[in-house]
Amino acid sequence: MAHQTPAVVMDNGTGFSKLGFAGNDSPSFVFPTAIATKGGAGGGGTGSGRPAVANKPSFLTGGAGPTGHLASKRGTEDLDFFIGDEAVSAAAGPGYGLHYPIRHGQIENWDHMERFWSNSIFKYLRVEPEDHHFLLTEPPLNPPENRENTAEIFFESFNCNGLYIAVQAVLALAASWISSKSSDRSLTGTVIDSGDGVTHVIPVAEGYVIGSSIKSIPIAGRDITYFVQSLLRDRGEPDSSLKTAQDIKESFCYVCPDAVKEFGKYDQDSTRFANHVVTRPGGRQVTVNVGYERFLAPEIFFSPEIYSSDFLTPLPEVVDTVIQTSPIDVRRGLYKNIVLSGGSTLYRDFGRRLQRDIKKAVDKRQEESRKRAGVTSSGPGVDVQVISHRKQKHGPWFGGSLLSQTPEFRSYCHTKAEYQEYGPSIVRRFALLGGPGGA
Amino acid sequence: MPHGPGQARQPQTDNTLDGSPILPSIIQSWHLRAVIMLLLDYQNVLIQNILAERFSGVPPASVDQTVSDFDGVLFHISTPETKTKILLSIQIRCFRDLVKYGAVEVLQREYGEYATDTEPGYDFSVLIDLEQLPEDRDDREALVLKFALLKRNAMAAPFEAAYTEHYKLKEEASQYTSEEAPKGVLEGGEVMSIHYREEEAIYVKASHDRVTVIFSTVFREETDRVFGKVFIQEFVDARRRAIQNAPQVLFRNDPPLELMDILGEKHTGSGDVGYVTFVLFPRHLTPQRMPDVISHIQTFRDYFHYHIKASKAYIHSRMRKRTADFLQVLRRARPDTEEKERKTASGRSFRVQN
Ligand SMILES: Nc1ncnc2c1ncn2[C@@H]1O[C@H](COP(=O)(O)OP(=O)(O)OP(=O)(O)O)[C@@H](O)[C@H]1O
Ligand SMILES: [Mg+2]
């Protein structure tokens, strides 16, 4: 075919959806995975107040004519919705309720998700799904039924040309190939994917997730935002909305080497305190002080006891355990290539602290086992390397963009014809993209 | 079969429902509601977003994105030389057809001062110097929109040509009574064909009393074809409900008469192709309404298919609800054990370390 359309890459996360086209180095759209629908179950009229009709002329009437009237009479709940940022704004006013169809990385509301997708594809990306191949992502340990539901929607509702569903962690590994530290295009490594809803530590050996060793930590971006918010509230700051807390988190927070010492630094050096200016809807500005939360908020990854009482294991320890419970022959590769991915790994020095703490844990364990064995000379030590790179924020999306622009991508996809012949279960298996034999 | 002015020929149409049992009336009314809810923008939102951001006075940054649009249109927006000069290029499958009907002139008129050497692999390029933008905010916004409408403007050429031709024929026809008018005036102009998708085309024909626009469209699936028919039926019904401004819409499975000459024996109604005909009457053909009508009619095919897909989503959601209701009934019948199991299944599915 002379005219090949670029594949569409969609990484729908708990908090944000990253949407775009293969080959680009960043997603074209990043917006909340949110849908605002007409509140209430009332089947009747959409009532007065807010016009039920989009403020565009229709094909038929060249304006909101009699059809508009009919539409409002019959109710348009299922069509009257917004997604993304528009959903968040709509829900701020009366009449609409906001829903997040993905929870903890997994799709929970398929009706909402199907509409979210259809709107993403036609109104934002502006593509006819019949003309494109799609690469979608899924969290680790996604139940196969979820894959099948996804395939059903993409093949039956959208008639998409071809579909590939990849595990986010594997894509994140591929994304790290742009780092100068990543020498071989390896698909072996440990991915720390921390987004909005959950943090996963996922060991991957040659492109295959070692499912039995995955660990999840119930602390991620949203929790850090809440933590910042609670500190702002405690101090009685003039604005402690979630939005403000999130902005402060994203622009001021960093990881320190030692929290106790860091407090001392603030007490000696008042320039470490900062100000954040919030512009209220009316245009009035208020100033919020920013203090210890700068380092304390991300510290909850390393000292979870300051935030939670039921989850107490520091992230570096979790990483070490994950690798220790993986097959012995891949452990070296897993320590050597610990790849960061997701918005909540962006704190300055996050990777550095992680590498130091993991190394400490490994060395300590080795030391103990040597003592037990009565060996005195120290061995070669384990190479622990945490990889940060400039695409890690949208790691899974970027990895998907890289892999889906390769010439062989299409042959790895399942097609509508295959779907029709074998049914939804066909998507339980995909050949490994970017793996050995691939590009 | 020539026909005189004022005596509109009624083409044979196939616009009755085939009473398919999978389409309960609820779906039909859904279609009617959907007609007005699923409109698509004329401009490319992403190009619009990127330019709006670049135009807003933020520090210059490099841009390099390949952006798809409907109908295999591809944009490339980049800053190849310096961060302050944005090159925007468009590739259109049917560009050669469009050139035949005046696209170069239309693009020159719209983008003249911005037009630049065409980027290799593309059909038309503009170069936007961020240091030479208009001062006024509204002017900048208008400019952003203009660039975001690149596809629309390129595709507008044959329609504009049809409007012009219609005015000419109308003028000529006004000098004759219907009987004595020369054949050329009565039959109207040649049919312009725009092969804008691999297997689909738009045909435009001007006459002295109308402009006819025909979309040939392929249905990948039987279900899509049935949904499509219901949808067109809504158009037809809506017209009957006396929406004065609506153009006449017809749907048929075999090529309309207007296309007999160009299609010949090639297409004999193979089943998965459908033809949607819009007849624009003089009230749609005023110079004032031209820009809107052209924008609108261009998006028809994508809007149509969006609609079909959204209606399938709607059916799916009803089916899911039915299944859920059904399971609920089952569960009520066996309260205890079921309930416990369900809780674990829908609880947090990740493993928390302990
Ligand atoms: N610069 C930053 N510093 C810290 N946190 C950030 C930064 N940028 C974004 N975030 C946070 O990252 C989170 C979103 O990350 P991401 O898009 O990876 O999550 P997601 O994919 O939606 O969720 P999940 O992967 O859990 O399903 C949000 O909590 C956001 O506040
Ligand atoms: Mg994610």
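As recorded by an unreviewed UniProt entry, chain B carries the name Arp2/3 complex 34 kDa subunit and is attributed to Zalerion maritima. In its Subcellular location (unreviewed entry) section, the UniProt entry covering chain B states "Cytoplasm, Cytoskeleton".

Per an unreviewed UniProt entry, chain A goes by Actin-related protein 3 and derives from Zalerion maritima. A UniProt comment under Subcellular location (unreviewed entry) is attached to chain A, and it reads "Cytoplasm, Cytoskeleton". Comment text from UniProt for chain A, heading Sequence similarities (unreviewed entry), reads "Belongs to the actin family. ARP3 subfamily."

## Observations concerning the overall build of chain A
Scanning chain A for helices and strands turns up 15 helices and 19 strands. Each of the 439 residues in chain A was classed as buried or not, and the buried ones make up 57%. Put simply, chain A shows about 18,300 Å² of open surface, and 50% of that area lies on carbon and sulfur atoms.

## A short note on the packing of helix α4 (residues 103-111) of chain B against helix α6 (residues 150-173) of chain B
All names here are of chain B. As a packed pair, α4 and α6 sit with axes 8 Å apart at the nearest point and diverge in direction by 130 degrees. On the basis of the axis angle, α4 is oblique to α6. Of the two possible hands of crossing, α4 and α6 adopt the one that is right-handed. Of the residues in α6, those touching α4 at A103, V106, L107, R109, E110 and Y111 are L150, N153, A154, A157 and E160. For the contact of α4 with α6, the residue count by class is 7 nonpolar, 1 polar and 3 charged.

## Some words on the sheet that holds strand β3 (residues 85-91) of chain B
Spatially, the 5 strands line up as an open sheet ordered β1-β2-β3-β5-β4 (chain B), and their pairing is antiparallel. Unpaired on one side and paired on the other, β1 (64-69) and β4 (115-116) of chain B mark the two borders of the sheet.

## Re the environment of A:G221
All names here are of chain A. The topology assignment puts G221 in helix α6 (residues 221-234). With relative accessibility at 1%, the residue G221 sits in the buried group. Sequence spacing of G221 and H389 is 168 residues, and the spatial spacing of their C-alpha atoms is 19 Å.

## As for the site of ligand 1
All names here are of chain A. In the region of ligand 1, 20 residues are neighbours, and T14, F16, K18, D196 and E250 sit closest. Residue K249 places a side-chain N or O atom 2.8 Å away from an oxygen atom belonging to ligand 1. G343 places a main-chain nitrogen or oxygen 3.0 Å from an oxygen atom of ligand 1. For ligand 1, the accessible surface in isolation is 650 Å², of which the surrounding protein chains cover 90%. The biggest single contributor to the shell around ligand 1 is helix α7 (residues 242-252), with 3 residues. For the shell around ligand 1, a count of residues per class yields 4 nonpolar, 11 polar and 5 charged.

## Some remarks on the state of the cysteines
Evaluated as defined, the whole model comprises 0 disulfides over all chains. This cysteine, A:C160, is not joined by any disulfide, and A:C413 carries the nearest cysteine sulfur, 8.1 Å off.

## Overview of helix α4 (residues 144-157) of chain A
Between its first and last C-alpha atoms α4(A) spans 19 Å; for 14 residues at 1.5 Å apiece the expected length is 20 Å, and the two agree. Trailing α4(A) by a residue or two, A:N159 shows a phi angle of about 50 degrees, which is positive.

## Topic: the packing of aromatic side chains
Following the criterion strictly, the structure yields 33 aromatic pairs over all chains and no others. Consider the rings of A:F122 and B:Y306, whose centres lie 4.4 Å apart with planes at 20 degrees: the pair is stacked. On the criterion of chain membership, the pair formed by A:F122 in helix α3 (residues 110-125) and B:Y306 in helix α11 (residues 300-333) is interchain, its members lying in two chains. A relative accessible area of 1% places A:F122 in the buried class.

## Brief notes about a negative patch on the surface
On the surface, a cluster of negative charge is made up of B:E135, B:D136, B:D138, B:D139 and B:E141. Within the secondary structure, B:E135 sits in the loop between β5 (124-129) and α5 (137-148).

## Thoughts on the sheet that holds strand β8 (residues 211-218) of chain B
All names here are of chain B. Strand order in the open sheet formed by 5 strands is β6-β7-β8-β10-β9, and the pairing between neighbours is antiparallel. Each having just a single partner strand, β6 (192-194) and β9 (248-252) make up the two edges of the open sheet. Adjacent strand axes in the sheet meet at a mean angle of 15 degrees when their direction is disregarded. With respect to the sheet, α6 is in contact with β6, β7 (202-206) and β8, its orientation differing from that of β7 by roughly 20 degrees.

## Some details on the pairing of β9(B)
Residues and elements named next belong to chain B. Counting buried positions along β9 yields 5 of 5 residues, so the element is predominantly enclosed. In β9, alternate side chains face the same way, and those of Q248, L250 and R252 on one face and V249 and F251 on the other are all buried. Pairing between β9 and strand β10 (residues 273-280): 5 bridges, direction antiparallel. Bridging from a neighbouring strand, V249 pairs with F278 of β10.

## Describing the side chain of A:H414
All names here are of chain A. The topology assignment puts H414 in strand β19 (residues 414-415). What makes H414 buried here is its relative accessible area of 13%. A polar contact of 3.1 Å, which involves the side chain of H414, links it to the backbone oxygen of I426.

## Considerations on a nonpolar patch on the surface
A contiguous nonpolar patch, built from A:V88, A:L98 and A:Y100 and spanning about 210 Å² of accessible area, is present on the exposed surface. When you line up the elements, A:L98 lands in strand β6 (residues 96-99).

## Things to note about the environment of A:I202
Residues and elements named next belong to chain A. Here I202 lies in strand β12 (residues 199-205). On the accessibility criterion, I202 (0% relative accessible area) is buried. Spatially, the C-alpha atoms of I202 and T190 are 5.5 Å apart, while their sequence positions differ by 12 residues. When sequence neighbours within four positions are dropped, the list of residues in contact with I202 reads P140, A169, G189, T190, V191, D193, V209 and I214.

## Notes on the pairing of strand β1 (residues 8-12) of chain A
All names here are of chain A. Extensive coverage of β1 is indicated by the burial of 5 of its 5 residues. Burial along β1 is two-sided: the residues V8, M10 and N12 and V9 and D11 are all buried. Pairing of β1 with strand β2 (residues 16-21) involves 5 bridges; the strand directions are antiparallel. Across the sheet, V9 pairs through a bridge with G20, a residue of β2. Counted between consecutive antiparallel strands, the loop separating β1 from β2 contains 3 residues.

## A short note on the nonpolar core
A general feature of soluble globular proteins is that nonpolar side chains tend to end up buried together. Core analysis: the biggest nonpolar cluster contains 137 residues, and A:M10, A:F154, A:L163, B:F147 and B:V213 have the highest contact counts within it. When residues of this core are assigned to domains, at least three fall in each of domain 1 (8-167 + 395-428) and domain 2 (180-218 + 312-387) of chain A. When neighbours within four sequence positions are excluded, B:F147 is seen to be in contact with B:I47, B:L51, B:F55, B:L88, B:Y111, B:Y114, B:V126 and B:I128.

How each quantity is defined
Residues numbered from 1 in each chain as written. Chains lettered and ligands numbered in written order. Predicted model: local features only at pLDDT ≥ 70, side-chain atom pairs only at ≥ 80, totals over all residues. Heavy atoms only, no water. UniProt positions renumbered as here; feature names shortened; annotations may be inferred. Helix = DSSP H or I, 4+ residues; strand = E, 2+ residues; numbered from the N terminus. Buried < 20%, exposed > 50% of the residue type's maximum accessible area, 1.4 Å probe, protein only. Areas by Shrake-Rupley, 256 points an atom, 1.4 Å probe, with all protein chains shown as cover. Axes fitted to C-alpha atoms, helices over the stretch in contact; angles between N-to-C directions. Parallel < 35°, antiparallel > 145°, perpendicular 65-115°, else oblique. Left-handed = near helix turned anticlockwise from the far one by under 90°. Contact = heavy atoms within 4.5 Å. Nonpolar A, V, L, I, M, F, W, Y, C, P; charged D, E, K, R; others polar. Pairing = 2+ DSSP bridges. Near = heavy atom within 4 Å. Polar contact = N/O pair within 3.5 Å; in protein donor to acceptor, adjacent residues only side chain to side chain. Disulfide = S-S within 2.5 Å. Expected span 1.5 Å × (residues − 1). Phe/Tyr/Trp six-rings, centres within 6.5 Å; stacked < 30°, edge-to-face > 60°. Patch = residues over 30% accessible without salt bridge, like charges linked within 9 Å, V, L, I, M, F, W, Y side chains within 5 Å. Salt bridge = Lys/Arg side-chain N within 4 Å of Asp/Glu carboxyl O. Lys, Arg positive; Asp, Glu negative; His and termini not counted. Charge placed at Lys NZ, Arg CZ, Asp CG, Glu CD. Core = buried A, V, L, I, M, F, W, Y, C linked by side-chain atoms within 4.5 Å. Domains from an automatic or database assignment.

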